[in-house]
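Listed here are the chains, written in short residue letters.
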Amino acid sequence: MNDTASQTFLVLNGPNLNLLGTREPETYGSVTLSEIEASSTAHAAQTGYALDFRQTNIEGTLVDWIQEGATSAKGIILNAAAYTHTSVAIHDAIAAINVPVVEVHLSNVFAREEYRHHSYVSDVAAGVICGFGPHGYILAIDALVGMLRDQS
Ligand code: CA2
């Protein structure tokens, strides 16, 4: 691990989250992903961490980035979006690394369709935050900071 890794959280966002704030505001609100990045980055800076904030619609890219995070980051915040409910590949990538992963969902997936109740991420994640909208990213940063503080 290098010096940058010790100060950085990788924040990964999966498919369609680039549409936040432009479609389906009744489900996902009116805040854009860029606005979530800005508020999360500002909050992380107050805790002494930088964020490497990314979005992709491609499952394999999420797998590549999770593997990269094993050496580039101190923790990973992951909203895998729909791949949460389908991806054994993402499950295996998280299981293979040693940095903590916090699973985040904007919506309360347990109050939605049954197919969203199962996650391939949760059993290999350090913890899960869902239902708090964009504030979930702030809660995830604080969870990682607290975990790392407890470990040191
Ligand atoms: O609540 C979440 O954060 C989800 O991860 C969002 C995913 C969904 O498949 C998960 O079950 C829960 C969907 C992200 C799609 O985002 C959109 C945003 C605006 C318009 C359309 C889709």
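Before going into details, it helps to say that this report is about the structure given with it.

About the cut-offs
Residues numbered from 1 in each chain as written. Predicted model: local features only at pLDDT ≥ 70, side-chain atom pairs only at ≥ 80, totals over all residues. Heavy atoms only, no water. Helix = DSSP H or I, 4+ residues; strand = E, 2+ residues; numbered from the N terminus. Rg over C-alpha atoms; globule rule 2.2 N^0.38 Å. Buried < 20%, exposed > 50% of the residue type's maximum accessible area, 1.4 Å probe, protein only. Contact = heavy atoms within 4.5 Å. Areas by Shrake-Rupley, 256 points an atom, 1.4 Å probe, with all protein chains shown as cover. Phe/Tyr/Trp six-rings, centres within 6.5 Å; stacked < 30°, edge-to-face > 60°. 1 Å grid on protein atoms, 1.4 Å probe; cavity = no way out; pocket = protein on both sides within 12 Å on 5 of 7 lines; lining within 4 Å. Points joined across faces, edges and corners; volume = space filled by probe spheres on them. Nonpolar A, V, L, I, M, F, W, Y, C, P; charged D, E, K, R; others polar.

All right, on to the overall build of the chain then. Helix and strand counts for the chain come out as five helices and five strands. Written out in order from the N terminus, the α and β elements of the chain read β-α-α-β-α-β-α-β-β-α. Whereas a compact globule of 152 residues would reach a radius of gyration of roughly 15 Å, the chain reaches 14 Å, a difference of no more than 12%. Burial statistics for the chain: of 152 residues in total, 45% are counted as buried. A separation of at least 24 residues holds for 77% of the contacts in the chain among residues at least 6 apart in sequence. Split by element, the accessible area of the chain, about 7,400 Å² in all, is 50% carbon and sulfur.

So, about the packing of aromatic side chains. Under the definition given, this model contains two aromatic pairs. Centroid distance Phe9 to Tyr49: 4.2 Å. Interplanar angle 10 degrees. Geometry classified as stacked. Of the two residues, Phe9 is situated in strand E1 (residues 8–13) and Tyr49 in the loop between helix H2 (33–47) and strand E2 (50–55); the sequence distance between them amounts to 40 residues. Tyr49 shares its class with Phe9; the two are buried. Residues Phe53 and Tyr137 carry aromatic rings whose centres are separated by 6.2 Å and whose planes lie at 35 degrees to one another, so their mutual orientation is tilted. Of this pair, Phe53 sits in strand E2 while Tyr137 sits in helix H5 (residues 135–151), placing them 84 residues apart in sequence.

Per the counting criterion, the structure on display carries one cavity of 30 Å³ or more. In this structure, the largest cavity spans a volume of roughly 50 Å³. Lining the largest cavity are Thr84, His85, Glu103, His105, Val109, Phe110, Arg116, His117, His118, Ser119, Ser122 and Val128. In the lining of the largest cavity, the residues fall into three nonpolar, seven polar and two charged.

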